[in-house]
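Residues per chain, in single letters:
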Amino acid sequence: MPKNIITNQQEPTDNIILETHEKSPQDTTVLTVVGIGASAGGLEALQQLVSHLPKTSGMSFVLAQHLSPSYRSMMVELLEKTSTIPIKEPKNNEHIRPNTLYICPPNYNIEISTNDTIILSATSVIRHLPRPSVDMLFESIAFVKGEMAIGIILSGTGSDGSRGIGIIKGEGGFSIVQDPNTAKFDGMPKSAINSGNVDIILAPKDIAIELSNIVKFPRIKSSDMEKNIPKELYHSILKKIRRQHKVDFSLYKEKTIMRRIERRMTALKITNFQKYLEHLDEDQTEIKVLFKDMLIGVTSFFRDPRAFNQLSDELKTYIKHKDNKIIRIWVTACSTGEEAYTLAIILNEILGTNAERFKIQIFATDIDETAIDFARNGVYPESALRNMPKQLRQKYFTVNGENLEIIKPIKSFLIFSVHDITQDPPFLRLDLISCRNLLIYFNIELQRAIIPVFHYALNPRGLLFLGQSESIGVFQEKFCTLSQSGKVYEAVFMDKKVPLARKALKNIHNETHAESTPTAPEIHSELLQGDLLAALITSQLKQIALPNAVLINENMDIIYSSGVNPLLIRPEGPTSNNIYKNLHPALTIDLRSALYQLQKSSSTIFSAFQRITLQDAVQWVRFIVIDIPQQPNIGKLILIFFQVEDPLNLPIATLENTANLDSLAKEQERQLLKAKEQLQTVIEELETSNEEMQSMNEELQSANEELQSANEELETTNEELQSTNEELQSAYAELRMAYDDKATQEQHLTKLSEQLEQANQILEDAERVGRTGSWSWEVARNELTWSKGAFSLFGLTTDSFTPSYDAFINLAHRDDRLKLENYLSSVMSGKNGKPFIYRAFTKTRKAIWLSLETNVSFTHLKQAEKVIGSLTDITERVKIAAKLEVHKKETELLLNTTLNGVYIYNFKKNMHTYVNPAYSKILGYTYDEMLEMKAADFQTLIHPDDITKYKLHLEQLKKGRIGSPISIQYRIKPKETSDYIQVNSNDMLYENDLLNGNPTSMIGSFFKNSEQHVE
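Residues numbered from 1 in each chain as written. Predicted model: local features only at pLDDT ≥ 70, side-chain atom pairs only at ≥ 80, totals over all residues. Heavy atoms only, no water.

Okay, the overall build of the protein next. When helices and strands are counted, the protein shows 31 helices and 35 strands. Burial statistics for the protein: of 1015 residues in total, 47% are counted as buried. Considering only contacts within the protein whose residues lie at least 6 apart along the sequence, 66% involve residues at least 24 apart. In the structure as shown, the protein presents an accessible area of about 52,800 Å², 52% of it carried by carbon and sulfur atoms. (Helix = DSSP H or I, 4+ residues; strand = E, 2+ residues; numbered from the N terminus. Buried < 20%, exposed > 50% of the residue type's maximum accessible area, 1.4 Å probe, protein only. Contact = heavy atoms within 4.5 Å. Areas by Shrake-Rupley, 256 points an atom, 1.4 Å probe, with all protein chains shown as cover.)

Below, the discussion takes up the packing of helix α3 (residues 134–145) against helix α4 (residues 162–170). Closest axis-to-axis distance for the α3/α4 pair is 7 Å, and the angle between their directions is 10 degrees. Considered as vectors, α3 and α4 are oriented roughly parallel to each other. Along the contact surface, α3 presents Asp135, Phe138, Glu139, Ala142 and Phe143, while α4 presents Ser162, Arg163, Gly164, Ile165, Ile167 and Ile168. Classifying every residue of the contact of α3 with α4 by side-chain character gives six nonpolar, two polar and three charged. (Axes fitted to C-alpha atoms, helices over the stretch in contact; angles between N-to-C directions. Parallel < 35°, antiparallel > 145°, perpendicular 65-115°, else oblique. Nonpolar A, V, L, I, M, F, W, Y, C, P; charged D, E, K, R; others polar.)

Spatially, the seven strands line up as an open sheet ordered β15-β11-β10-β16-β17-β19-β18, and their pairing is mixed. Strands with a single pairing partner mark the edges of an open sheet, and in this sheet they are β15 (414–418) and β18 (479–483). When strand polarity is set aside, the average angle formed by the axes of neighbouring strands in this sheet is 20 degrees. Each of β10 (326–331), β11 (359–366), β15 and β16 (430–435) is contacted by helix α13 (residues 338–351), which is oriented at about 155 degrees to β10, the strand it contacts most. In the packing of helix α14 (residues 369–377) onto the sheet, the strands contacted are β11 and β15, and the crossing angle to β15 comes to about 165 degrees. (Pairing = 2+ DSSP bridges.)

Here the structure, examined in full by the defined rule, presents 28 aromatic pairs. Each ring, one from Tyr252 and one from Phe442, has its centre 5.0 Å from the other, and the planes form 80 degrees; the classification is edge-to-face. Of this pair, Tyr252 sits in the loop between α8 (231–245) and α9 (254–268) while Phe442 sits in the loop between β16 and α17 (444–457); the two residues are 190 residues apart in sequence, bridging distant segments of the chain. In this pair, the class of Tyr252 matches that of Phe442, namely buried. Centre to centre, the rings of Trp775 and Phe808 are 5.5 Å apart; their planes meet at 45 degrees, and the pair counts as tilted. (Phe/Tyr/Trp six-rings, centres within 6.5 Å; stacked < 30°, edge-to-face > 60°.)

This part covers the sheet that holds strand β14 (residues 403–406). Taken together, three strands build an open sheet; the order of strands is β12-β14-β13 and the sheet is antiparallel. Of all the strands in the sheet, just β12 (379–380) and β13 (397–400) have a single pairing partner and so form its edges.

What follows is about α9. Its 15 residues give α9 an end-to-end C-alpha distance of 21 Å, which sits within 8% of 21 Å, the value for a rise of 1.5 Å per residue. Counted residue by residue, α9 has 12 buried out of 15 residues, so it is predominantly covered. At the C-terminal side of α9, Lys269 shows a positive phi close to 60 degrees. (Expected span 1.5 Å × (residues − 1).)

As a further point, take α14. Considered for burial, the residues of α14 that qualify are Ala371, Ile372, Ala375 and Arg376. Down the axis of α14, the buried set is contained in an arc of 140 degrees. They therefore lie on one face. Positive phi shows up at Gly378, right after α14, with a value of about 70 degrees. (Arc of directions from axis to C-beta.)

Here the focus is the packing of α8 against helix α10 (residues 273–282). Axis separation between α8 and α10 bottoms out at 10 Å; the angle between their running directions is 20 degrees. Regarding the angle of α8 to α10, the classification is roughly parallel. The two elements α8 and α10 cross, and the hand of that crossing is left-handed. Judged by residue contacts, Leu233, Ser236, Ile237 and Lys240 of α8 engage Phe273, Gln274, Tyr276, Leu277, Leu280 and Asp281 from α10. Among the residues making up the contact of α8 with α10, the classes are represented as six nonpolar, two polar and two charged. (Left-handed = near helix turned anticlockwise from the far one by under 90°.)

Quick look at the pattern of salt bridges now. Once their charged atoms are close, side chains differing in charge can pair, the charge on each being opposite to the other. Enumeration over the complete set of coordinates arrives at 20 salt bridges. A salt bridge links Asp993 to Lys908, with the shortest nitrogen-to-oxygen separation between them at 2.8 Å. On the criterion of sequence distance, the pair formed by Asp993 in the loop between β34 (981–992) and β35 (999–1008) and Lys908 in the loop between β31 (901–906) and β32 (911–915) is long-range, its members being 85 residues apart. Note on Lys908: relative accessible area 57%, which makes it exposed. Taking the shortest distance from any N to any O, the salt bridge between Arg971 and Asp946 comes out at 3.0 Å. Of this pair, Arg971 sits in strand β33 (residues 965–972) while Asp946 sits in the loop between α30 (935–939) and α31 (947–959); the two residues are 25 residues apart in sequence, bridging distant segments of the chain. With respect to burial, Arg971 and Asp946 carry one shared label: buried. (Salt bridge = Lys/Arg side-chain N within 4 Å of Asp/Glu carboxyl O.)

What follows covers the nonpolar core. Within the largest apolar cluster, 52 residues are counted, with the highest numbers of intra-cluster contacts made by Phe249, Ile261, Phe454 and Leu464. Contributing elements (two or more residues each) for this core: α8, α9, α10, α11 (284–294), β16, α17, β17 (458–466) and β19 (488–491). A total of six residues in this core trace back to one element, the largest contributor, which is α17. Every residue in contact with Phe454, bar those within four places of it in the chain, is listed here: Trp330, Thr332, Ile421, Ile433, Cys435, Leu464 and Phe479. Residues Phe301, Phe302, Ala355 and Phe465 belong to the second largest nonpolar core, which totals 45 residues. (Core = buried A, V, L, I, M, F, W, Y, C linked by side-chain atoms within 4.5 Å.)

Written out as structure tokens, the structure reads:
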């Protein structure tokens, strides 16, 4: 295994704040960036959105629209027709400007980096996942813009964007989703709404209006909120959440909670805290929304790869020196589980094939039940894996629809459970605790109560993994630093561990929830060290002025010492701040007695003087124990003054019979020392027994938690097994039915095969007879398939020729190749569906004429997906058409040059369909006038005495044979004259109906008889 599991990975922007700092207040001059995600049906929603955007909102818009990698996007052209702001397709590293919409080009993912620049990166080779990734866009906007980030999800299928919009909300931004009722496809909007991370649900045109409202709405800065909001209102809001969801946010940093409250007030357009509190009373669902808003669940796989590399190195060393095969890990605040699975993957990489020899338990806990349920499934969008090396992604994930799923062997390592670290007992005997970016949301008191919990829960030399902006603080004696940059610490062995952490947490809870105002002056927690403690001692010394003083806490640990105290010693062995282990042995019994009396009676205890030897000199020592009332944010303390006096400074009593009294005193002193030794032994045994009982109690509670978590996992597994069993039973029934129908299916298959073979043979015969061929073109894969008829047209065989687009084009005549390519391009864009006729060459270089007809199928994005075409050899038809064209020209020449009038008369239409120029010259009617003249109108031109003869002539023609002429002489009146002329006409039947044999048209030729005068 390589030394570093994660290599060549860009370190992501970490969503963390320094332990003593908060994010800066909102700056209205910072550019607001609006990320928009859409897929199927998104064009219509986008057109409505951009047509209503304000022209001077000051916001920048970045669109990630799912597109096919090979599709030439027309999105810019389609949207700019109705858009109120400029729209463009950006370039890599382009600086974004306000009041502009940037659309991601196909085959790229788009992100926002620092300094408001656009980053375009090539998409993954996994083609079935949506591109570009909306989650990646939203995540980058969230980390770069924070509270100035807005995410919008429009119509589309799948769940892309649901994770990213949660990250935007976690960073303090706003999340908006199109109303599913107005979406053409509601998959993406519903998935985002179901995640619980949506602030506003609107129709597209209303979203545009709401955007300007969000920017213009007076958002209150966190610093102003702390000054303006009354404490009772703030705690009333938190009490409502605690009452409904059993989670106490009063121990979290106020600025963090203030920002979450301010977000909800902005979304609801409420500017007054009292009104918001009243809104919580009126709308109980708002409490749930606010609680969900406070659960900051920003995480990803291998977040901060450098830190995980360093943890991997330290964990590898730890496992190497481990004396058993049990590995227990606790991941606190696991959110949706990415970090827990990351540790499981790292552990599996370290152990390799030896993983089966170890009993691995990874407890992943969080207070968000929804996040725990999501984590159990182990299904994530690809954007969550962006920091994971490709080889790990391929090794530990399988494709699940549009997402990726953790493999089952890794899932088996983890036990997910709902757990509140501030109230529930910890898991014990742990080898590693991962608590990244949780402590930064706690106040100082809670942080200092949690760190000892971790130390108590860890095995000796166990590892603690913190976030980049977290540290162990004042607990340097409990941990040593293994990696400062990676925030990896090792638990230092402290002899017996006293489980006081839960008691400390309970005290903090009680102090925080106290209804009455503390009587002692309020002292800020950050002053717990140094000046404050010295000030407390000084205030007590105003009444009792003594040179040496020690301040201890309820855990009997020395937290402050004043003066050079000769009674304090540093014993050999493991270091400890416990007062009994650092005090002169002769005084420990009296101190225990004094502390016991302090709990039972007064607030000040004076011990008796005791003779001890200090630096080879006899001294008389007593101490004064003073109870300091519990201070806000500090807790209860005890002050001990040590009074050391020279024997000459003490009053001496004069006693009779001094010798006897001295002997008696020595005997009593010996018995007293012996009793003290026995008492000390009993006390130590009791302490040991008490510590063991407390430790056992904590272990039993932790074991109970683990059993509950295991029970939940077993219930989940049982449900999965039941579901699997039902599926197996259904599959068995289906298999049995399939087996019973196998013979029938085989017979049917044989029959279908025979029919298919006959159909193929008929197709081949038809293609051979009709001189046709067919082909199919898969555009995305650029695969061309020909039928046998197509090969036959060109005189080619399947052995000697492989169809391809380029080869197909090259078979065309060189003068027609460009025309053929242009034709195919036009049909693929849906602009041309007519047949295309062009010239081509066979294998023997014989020129042929082909007619190409196509049919194109398109995707939902209007992209050509498949082209089906047919080729027909029309060489003979072209030759015949050419001959007919020559014949037609010769006929027209004869008809146009003859002196006789020639016409064609259609019996069905009862009108002339053709007249030559000589006809028009004789009668004076133009070609167009004759074509418009009906039969009845034409017969009015014939002399009344010749009408009967003319009609009999027509009836005789209809009964005659085609091509047999019949002559007639009749009188007709030309145009523009009232006189009749006599014409001689030779007429013959020209065409019969092919179906019924009835005559359809006649052709005639006449000339004017100029020898006779007609009246």
